[in-house]
Amino acid sequence: MSNLDLIERIELIYGDITKLEVEAVVNAANSTLLGGGGVDGAIHRAAGPELLKECRTVGGCPTGEARLTKGYNLPAKYVIHTAGPVWHGGNQREEQLLAECYRNSLQLASAKAVKKIAFPAISCGVYRFPLERAVKIAFSETLGFLKNNRYPEVVIFVSFGEKSYRYYQEEMQRLRLR
Ligand code: AR6
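Residues numbered from 1 in each chain as written. Predicted model: local features only at pLDDT ≥ 70, side-chain atom pairs only at ≥ 80, totals over all residues. Heavy atoms only, no water.

**Section: the environment of Leu6**
Structurally, the position occupied by Leu6 is in helix 1 (residues 3-7). Residue Leu6 is classed as buried on the basis of its relative accessible area, which comes to 0%. Between the C-alpha atoms of Leu6 and Val154, which are 148 residues apart in sequence, the distance is 9.4 Å. Excluding residues within four positions of it along the chain, Leu6 makes contact with Met1, Leu143, Leu146 and Lys147. (Helix = DSSP H or I, 4+ residues; strand = E, 2+ residues; numbered from the N terminus. Buried < 20%, exposed > 50% of the residue type's maximum accessible area, 1.4 Å probe, protein only. Contact = heavy atoms within 4.5 Å.)

**Topic: the nonpolar core**
Tyr102, Ile117, Phe119, Phe139 and Phe157 are the most contacted members of the largest nonpolar core, which has 34 residues in total. If we skip the residues at most four places from it in the chain, Phe139 touches Ile10, Leu12, Phe157, Tyr168, Glu171, Met172 and Leu175. (Core = buried A, V, L, I, M, F, W, Y, C linked by side-chain atoms within 4.5 Å.)

**A few points about the site of the ligand**
Lining the immediate surroundings of the ligand are 22 residues, of which Asn30, Gly37, Asp40, Ser123 and Gly125 lie closest. Here an oxygen atom of the ligand and a backbone polar atom of Ser123 are 2.8 Å apart. Between Gly125 and the ligand, the recorded distance is 2.8 Å, taken from a backbone N or O atom to an oxygen atom. Mapped by element, the contributors of at least two residues to the shell around the ligand are strand 2 (24-29) and helix 2 (38-47). Counting residues per element, the shell around the ligand draws most heavily on helix 2, which supplies four residues. Residue composition of the shell around the ligand, by class: 12 nonpolar, eight polar and two charged. (Near = heavy atom within 4 Å. Polar contact = N/O pair within 3.5 Å; in protein donor to acceptor, adjacent residues only side chain to side chain. Nonpolar A, V, L, I, M, F, W, Y, C, P; charged D, E, K, R; others polar.)

**Some points on the pairing of strand 2**
Consecutive side chains of a regular strand alternate in pointing toward one face of the sheet and then the other. In terms of residue burial, strand 2 counts as a mostly covered element, since five of its six residues are buried. As paired elements, strand 2 and strand 4 (residues 78-83) share six bridges and run parallel to each other. Its bridge partner being in strand 4, Val25 is matched across the sheet by Val79. Two elements, strand 2 and strand 5 (residues 116-119), share two bridges in a ladder whose sense is parallel. Each bridged residue has a counterpart across the sheet, and for Ala24 the counterpart in strand 5 is Ile117. (Pairing = 2+ DSSP bridges.)

**Observations concerning the pattern of salt bridges**
Applying the stated criterion across every chain, the model contains eight salt bridges. When the shortest N-O distance is used, the salt bridge between Lys19 and Asp16 registers 3.8 Å. The partly exposed category is assigned to Asp16, whose relative accessible area is 28%. Residue Arg67 is joined to Glu65 by a salt bridge in which the shortest nitrogen-to-oxygen separation is 2.9 Å. Bridged by salt links that share partners, the residues Lys136, Glu171 and Arg174 form one connected network. (Salt bridge = Lys/Arg side-chain N within 4 Å of Asp/Glu carboxyl O.)

The structure is reproduced here in structure tokens:
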């Protein structure tokens, strides 16, 4: 598959990830998996208390890894929780750890033959990872994974702000022109 064909399997959406009719949504969680603010809070609110109950049985998730639960009241069947790195300036393996979040989340989705999965901008809120770098990592890890895997068929990057949407659009454009 050429890079251009692979890019056709990536979509950009502006809005709230909890509303999406996809099989799996990724949660930018923390390593306790016991909830928090930002997209994590929104996902737990929309999924209902059963989600936290299941998360309690999981036993946490080290940074860079991912864990799968059901989606409960969300339109999505699954939530894939991943703990992104906190940005400390870039010398603490933040980029590698963020790449692992994407790879491990995609691996779980692939194992369940998930057709459509939606990602928020992991680590780009409270964890302060620079958006431009994070977007490049999201695309390169996703393209690398899609090249070798039939599932997920489609990956959706969800932006919650105009600035992040612009970064995703620019990177998509850049990759198309390459
Ligand atoms: N839909 C899509 N994207 C969203 C939504 C939403 N409903 N809400 C926020 N975002 P953050 P992090 C975007 O802070 O940086 C939590 O407390 C947001 O604009 O949610 O990985 C966890 O429990 C930003 O671009 O996650 C952890 O403790 C992106 O999602 C910690 O925050 C990620 O922002 C994780 O921090």
